[in-house]
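Residue-level structural notes
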Amino acid sequence: MQTHHLALNDPAFVYDPYPTLNRLRENLPVFYDEVWNKVFFLRYEDISNLLRDKRLGRSITHILSRDELGWPPPSPLTADFDQFQSDHMLDSEPPKHTRLKSLMMKAFTPARVEGLRGRIQQIVNDLLDRAEDRGRMDLLSDYAEPLPVAVIAELLGVPKEDRPLLRPWSARIVRLYELGYTDEQARDANQAVVEFSGYIKKLADERRGKPGDDLISALVEVEEQGEKLTPDELVANCILLLNAGHEATVNGTTAGFLALARNPEQMEQAREAAARNRPDFFKLGVEEMLRYDTPLPMFERWVLDDFDFKGIPLRRGQEVALMYASGNRDPGKFSNPDQLNLTRAENPHLTFGLGIHYCIGAPLARLELQISFQTLLKRLPNIQLATDRVEYSGGFVIRGHKAMPVAW
Ligand code: HEM
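Scope of this entry: the structure provided in the associated data block. (Residues numbered from 1 in each chain as written. Predicted model: local features only at pLDDT ≥ 70, side-chain atom pairs only at ≥ 80, totals over all residues.)

**Focus: the overall build of the protein chain**
Just so we agree on the cut-off: Only DSSP runs of H or I covering at least 4 residues are called helices, and only runs of E covering at least 2 are called strands; the numbering of each starts at the N terminus. Put simply, the radius of gyration uses C-alpha atoms, and a globule should come to 2.2 Å times the residue count raised to 0.38. Exposure classification rests on a simple neighbour count of other C-beta atoms within 10 Å of a residue's own: a residue reaching 20 or more is buried, one at 12 or fewer is exposed, and one in between is partly exposed. C-beta atoms are placed from the backbone. Contact definition: two residues whose C-beta atoms, as placed from backbone geometry, lie within 7 Å.
For the protein chain, the helix and strand inventory stands at 18 helices and 10 strands. The C-alpha radius of gyration computed for the protein chain amounts to 21 Å, which stays within 12% of the reference 22 Å derived for 408 residues, consistent with globular compactness. In terms of overall dimensions, the protein chain has a C-alpha envelope of 60 × 60 × 40 Å along the principal axes. Sorting the 408 residues of the protein chain into buried and exposed places 43% on the buried side. Considering only residue pairs separated by 6 or more positions, the protein chain has 74% of its internal contacts joining residues 24 or more positions apart.

**Quick word on helix α18 (residues 362–379)**
The criterion, for reference: In this scheme, a helix's expected span is set at 1.5 Å multiplied by one less than its residue total.
Compared with an ideal rise of 1.5 Å per residue, which puts 18 residues at 26 Å, α18 spans 26 Å between its outermost C-alpha atoms and is within 8% of the ideal. Of all the residues in α18, the buried ones are L364, A365, E368, L369, Q370, I371, S372, F373, Q374, L376 and L377. Next to the buried residues of α18 lie α7 (110–114), α8 (117–132), α10 (146–156), α14 (231–261), α15 (264–275) and α16 (279–292).

**Comments concerning the sheet that holds strand β4 (residues 136–138)**
Strand pairing in a sheet relies on backbone hydrogen bonds, with the paired strands running either antiparallel or parallel. How we decide: We call two strands paired when DSSP finds no fewer than two bridges between them.
Read across the open sheet, the three strands follow the order β4-β10-β9; overall the sheet is antiparallel. Each edge of the open sheet is held by one strand with a lone partner, namely β4 and β9 (384–385). In terms of strand pairing, β4 meets strand β10 (residues 405–407) through three bridges, oriented antiparallel. Opposite M137, over in β10, you have V406 as the bridge partner.

**Overview of the sheet that holds strand β5 (residues 298–303)**
Under the convention used in this document: For helices, the fitted axis covers only the stretch in contact; all axes are lines through C-alpha atoms, and the angles between them, taken along N-to-C directions, range from 0 to 180 degrees.
Sheet architecture is open: five strands sit in the order β1-β2-β8-β5-β3, paired in mixed fashion. Edge positions in the open sheet fall to β1 (30–33) and β3 (56–57), since each of these has one partner strand only. Here four bridges tie strand β2 (residues 38–41) to strand β8 (residues 319–323), and the two strands are oriented parallel to one another. In the strand pairing of β8, F41 is matched with L322. Packed on one face of the sheet, helix α3 (residues 44–51) meets β1, β2, β3, β5 and β8 and runs near 130° to β8.

**Regarding unusual backbone geometry**
Going from P94 to P95, the amide bond is cis rather than trans, its omega being 0°. Among the secondary structure elements, P95 is positioned in the loop between α5 (79–87) and α6 (96–107). The phi torsion at N37 lies on the positive side, around 55°, for a residue other than glycine. Note on placement: N37 falls in the loop between β1 and β2. The exposure class of N37 is exposed, given the 9 C-beta atoms found within 10 Å. The backbone of K310 shows a phi angle near 50°, a positive value even though the residue is not glycine. Assignment of secondary structure puts K310 in the loop between β6 (307–309) and β7 (312–314). Since 9 C-beta atoms lie within 10 Å of it, K310 is described here as exposed.

Set out below in structure tokens:
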């Protein structure tokens, strides 16, 4: 297998990874990176096949011990974080994953998501009411961020006065999902898990005595085939909902806006559709923004059993990196993939994943983004990017912006 090093955290790559990804996908669609010790896959077809292959999993420690993997003993710095990881669905494998996901889906129903439509619209309206007369705002901190946090808080039933706690907890925790972090960040993320878990536990105990119509109450009640969520699993999955439920939605909003700002003709179409109240336009438009600039561009899997994939030997315990952002720009799957086309009808993008870990929050994220873009462009039709160079906040894995100044 050919080797290559991809400098994932190089600021130039984070700023615009697509020329590099396009070149690699064309010339070296599979390679082994010694520095990251992973096999990278860049083609749509390969990624989509691998995501549905049971010989790959998000975890490995359920079949191989740390000794067998040649890993050092677990760091005491992240003991609580590691426990949290092992209790939530994203890092579980069947049969545990199947149980957790089906229990969570019993509470996180389409009806519950649809029931949030009115509240999402109201939160969006309030945010724009606050900004409208100022003539400028930071799209990230004044709009993109508060919406998903308020929606998740609403969903979980977190009282209003506690909501400012949520975003900092989440930001501290997700730092550990980047490749390469310091001891200080590890300690801090672990502490955030402790604080956040304590908070959710307290909330769940209150709901046990006095259920409401929020998701935590539904989870406390949820029962399937006599099996319940354990208290630790309940807490871990609620924290997961917050982290997974807003980091990507925030990045999706700012990345989507940036794509519009850089494609004035598409922006014009979106403005017209907003003025004419055309939600159908935003249904397709949001899918295209999510494809064009993928908010979570890369996920990894472990090889659980030896096998050869198209002649490439994949061995138990090896890690693979699947470049969803590259698959989403693959000309083998999408026509004119480097063009933003908000009316693209065929759009089977990889942005929410595929296979058993397919995003549980996709319907909610879609609803939030559709309402958010349609209302933004209707209320502020002259909105423009107010900076020449947008800055990114960190590495490639959670590819978010530092800020996004806009004016109208
Ligand atoms: C634009 C926004 C979002 C994007 C791009 C996104 C993307 C993803 C992706 C790619 C995965 C699968 C990860 C993998 O393949 O390894 C995933 C899983 C997940 N997402 Fe999302 N997500 C978004 C919003 C949300 C929201 C709003 C929620 C919850 C309220 C959520 C909750 C979850 C959960 C719980 C999982 C784990 C599912 C499982 O392991 O079976 N996500 N998400």
